[in-house]
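What follows is the residue order along each chain.
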Amino acid sequence: MSKNLVGNHIRKLRFNHDEMTQQQLADKVGVTRQTIVALEKGNYSPSLELAFRIARAFHLPLEEVFFYGDNPKQ
């Protein structure tokens, strides 16, 4: 199977939101810190529900947090 094609800007967004920690984001969206670590490293693609919860945590539309393929727009 090919490498995960869903990318994200979570790490950058955390730092742009008062340097939010991985644990703070995890608590906000109801997952473990290890899940946030795996997402940031690109080792895990979130469920659609989790992706929406993360986007809401940053008060952004889904497509400003996640992107498909290797061509991020930010």
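About the criteria used
- Residues numbered from 1 in each chain as written.
- Predicted model: local features only at pLDDT ≥ 70, side-chain atom pairs only at ≥ 80, totals over all residues.
- Heavy atoms only, no water.
- Buried < 20%, exposed > 50% of the residue type's maximum accessible area, 1.4 Å probe, protein only.
- Helix = DSSP H or I, 4+ residues; strand = E, 2+ residues; numbered from the N terminus.
- Arc of directions from axis to C-beta.
- Contact = heavy atoms within 4.5 Å.
- Salt bridge = Lys/Arg side-chain N within 4 Å of Asp/Glu carboxyl O.
- Core = buried A, V, L, I, M, F, W, Y, C linked by side-chain atoms within 4.5 Å.

- The name given to the protein in an unreviewed UniProt entry is Transcriptional regulator, with Neobacillus notoginsengisoli as the source organism.

Some points on helix α2 (residues 22-29)
Here comes step 1: All of the buried residues along α2 are Gln22, Leu25, Ala26 and Val29. Angularly, the buried residues of α2 cover 100 degrees about the axis, an arc narrow enough to put them on a single face. For α2, the exposed residues lying more than 90 degrees away from the buried face are Asp27 and Lys28.
Here comes step 2: Its buried side turned inward, α2 meets α1 (10-16), α3 (33-41) and α4 (48-57).
Here comes step 3: Of the residues flanking the end of α2, it is Gly30, one or two places downstream, whose phi is positive at about 80 degrees.

Quick notes on the pattern of salt bridges
Here comes step 1: Per the stated rule, a full pass over the model turns up two salt bridges.
Here comes step 2: Arg14 is the salt-bridge partner of Glu40, the closest N and O atoms lying 2.5 Å from each other. On the criterion of sequence distance, the pair formed by Glu40 in helix α3 and Arg14 in helix α1 is long-range, its members being 26 residues apart. Summarising the burial analysis for this pair, Glu40 and Arg14 share the class buried.

Brief notes about the nonpolar core
Here comes step 1: The biggest cluster of nonpolar side chains holds 17 residues, and the ones touching the most others in it are Ile10, Leu25, Val29, Ile36, Ile54, Phe58 and Val65.
Here comes step 2: Looking at this core, the elements that each hand over two or more residues are α1, α2, α3 and α4.
Here comes step 3: It is α4 that provides the largest number of residues to this core, a total of five residues.
Here comes step 4: Residues in contact with Ile10, not counting those within four places in the same chain, are Leu25, Leu39, Glu40, Ile54, Phe58, Val65 and Phe66.

As for α4
The periodicity of an α-helix, 3.6 residues per turn, causes residues three or four positions apart to be oriented the same way.
Here comes step 1: Listed in full, the buried residues belonging to α4 are Leu50, Ala51, Ile54, Ala55 and Ala57. The buried side chains of α4 occupy one side of the element, clustering within an arc of 155 degrees when seen end-on. Every exposed residue of α4 that faces more than 90 degrees away from the buried side is listed here: Leu48, Glu49 and Arg56.
Here comes step 2: Residues of α4 that are buried make contact with α1, α2, α3, α5 (62-65) and β2 (66-68).
Here comes step 3: Phi for His59, located one or two positions after α4, is positive at around 55 degrees.

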